Amino acid sequence: WNISGKYGINGYNANDYDATVGFKKNIKDSLNVLFLKAETKQQAADFIFNRYSSNNFKWNNNYGKMQQQSVAFNFSMKKYSLGIGADFSEYTNVLYFDNYAIARQYNGSIPVLSVFLKKDFEFHNFHLNNKINYQYVPDSSVIRLPEFVLEHSLYYENDLFKGAMRLQIGASVFYNSAYYSNAYMPATGEFYLQDQKKYGDYPFIDFFVNARIKTVRIFLKIDHLNSGLMGNNYMLTPHYPMNTRAFKFGLSWRFFD
């Protein structure tokens, strides 16, 4: 069991609280793990939602506190490289920035459901790791989330040169379904709602090589390998494209006396 809590005694955050209860249990053996968590919290509005003044925006609000209740579970089976989990949260009096980038508060509750499935496959020295996330928001007028988020990686891993080198080489892909992602307002440094265009529905593919030789670790990576090969709509938020293709490398060498 893990129980924790915080409470604001005075000041701007007086009567704010955050209470969490977590439970972890090994089933049959340490290879099967069940984790449960429940949380309730109340938080005062960030100062920018109540007071702001600039050349472009100005408001003086008295918004109430936002509440959140959530329950989650996670079950993993190491023997089968399998993991499943779900999170259900309910948000009340959500604070947000509307389509004109003005601070607002939603009067009511918004439920959010998130479910994931993780399964890894292994065939000889080849590995295929997969994670699928599903998200559901019945009322998406304020909270915007992609319905699906996918993460996959396929790689070869083996010891070479009589065990002198451990090599890993492969590729990974990240994808989320299209949705009305929030736009960015530089004047306030905040994200706000937009209903003009959906973003997403584009895979980001990376190529990587990892190697370990005794105490030396080396990695080589090509970020966004498919840049320009599958169209140029690789934006996750309006007017801000993701990075184009980039080459990265790193070296770690541990010395011992």
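Residues numbered from 1 in each chain as written. Predicted model: local features only at pLDDT ≥ 70, side-chain atom pairs only at ≥ 80, totals over all residues. Heavy atoms only, no water.

**Structural notes on the sheet that holds strand E16 (residues 204–213)**
Across the sheet, 12 strands lie side by side as E1-E2-E3-E6-E7-E10-E11-E12-E13-E16-E17-E20; this open sheet has antiparallel pairing. At either margin of the open sheet sits one strand with a lone partner, and together these are strand E1 (2–7) and strand E20 (246–253). Neighbour-to-neighbour, the strand axes of this sheet turn through a mean angle of 10°, independent of strand direction. Where strand E2 (residues 17–26) lies against strand E3 (residues 32–43), 10 bridges are found, and the strand directions are antiparallel. Counted as the bridge partner of lysine 24 is phenylalanine 35 from E3. (Pairing = 2+ DSSP bridges. Helix = DSSP H or I, 4+ residues; strand = E, 2+ residues; numbered from the N terminus. Axes fitted to C-alpha atoms, helices over the stretch in contact; angles between N-to-C directions.)

**A closer look at the nonpolar core**
It is characteristic of soluble globular proteins that their nonpolar side chains tend to be buried jointly. The biggest cluster of nonpolar side chains holds 14 residues, and the ones touching the most others in it are Phe49, Phe57, Trp59, Tyr63, Phe97, Ala103 and Tyr192. Of all the secondary-structure elements, those providing two or more residues to this core are helix H1 (47–50), strand E8 (95–97) and strand E14 (183–185). Apart from residues lying up to four places away in sequence, tyrosine 192 is in contact with Phe97, Asp98, Asn99, Ala101, Asn182, Ala183, Tyr184 and Met185. Grouped together as the second largest cluster of nonpolar side chains are 9 residues, Tyr106, Val137, Ile143 and Leu193 included. (Core = buried A, V, L, I, M, F, W, Y, C linked by side-chain atoms within 4.5 Å. Buried < 20%, exposed > 50% of the residue type's maximum accessible area, 1.4 Å probe, protein only. Contact = heavy atoms within 4.5 Å.)

**Description of the layout of surface pockets**
Of the pockets and cavities examined, the largest pocket occupies roughly 400 Å³. Considering the residues around the largest pocket, the lining is formed by 21 residues, among which Phe49, Met66, Val94, Leu95 and Tyr96 are closest to the centre. When the residues that make up the lining of the largest pocket are grouped by side-chain class, the tally is 16 nonpolar, 2 polar and 3 charged. Considering only enclosed or pocket space, the second largest pocket measures out at about 270 Å³ in volume. (1 Å grid on protein atoms, 1.4 Å probe; cavity = no way out; pocket = protein on both sides within 12 Å on 5 of 7 lines; lining within 4 Å. Points joined across faces, edges and corners; volume = space filled by probe spheres on them. Nonpolar A, V, L, I, M, F, W, Y, C, P; charged D, E, K, R; others polar.)

**Some details on the environment of alanine 246**
Relative to the helices and strands, alanine 246 resides in strand E20. The contact partners of alanine 246, leaving out residues within four places of it in the chain, are Lys221, Ile222 and Asp223.

**As for the side chain of asparagine 130**
Following the sequence through the fold, asparagine 130 ends up in strand E11 (residues 126–136). Under the relative-accessibility criterion, asparagine 130 is labelled buried at 15%. Separated by 2.7 Å, the side chains of asparagine 130 and histidine 152 make a polar contact. Setting aside residues no more than four positions away along its own chain, asparagine 130 makes contact with Leu117, Lys118, Lys119, Asp120, Phe121, Glu151 and His152. (Polar contact = N/O pair within 3.5 Å; in protein donor to acceptor, adjacent residues only side chain to side chain.)

**Some thoughts on the pairing of E2**
The pairing of E1 with E2 spans 6 bridges and is antiparallel. What sits directly across from lysine 6, in E2, is aspartate 18. Taken together, E2 and the strand that follows it, E3, pair antiparallel across an intervening segment of 5 residues, in which lysine 28 is found at a positive phi of about 70°.

**Quick look at the packing of aromatic side chains**
All told, the structure shown has 15 aromatic pairs when counted by the stated rule. For the ring pair tyrosine 184 and tyrosine 240, a centre distance of 5.7 Å and an interplane angle of 85° mean the geometry is edge-to-face. Taken together, the residues tyrosine 184 in strand E14 and tyrosine 240 in strand E19 (residues 240–241) connect sequence positions 56 residues apart. Tyrosine 184 sits in the partly exposed class, given a relative accessible area of 28%. Since its relative accessible area comes to 39%, tyrosine 240 is described here as partly exposed. (Phe/Tyr/Trp six-rings, centres within 6.5 Å; stacked < 30°, edge-to-face > 60°.)

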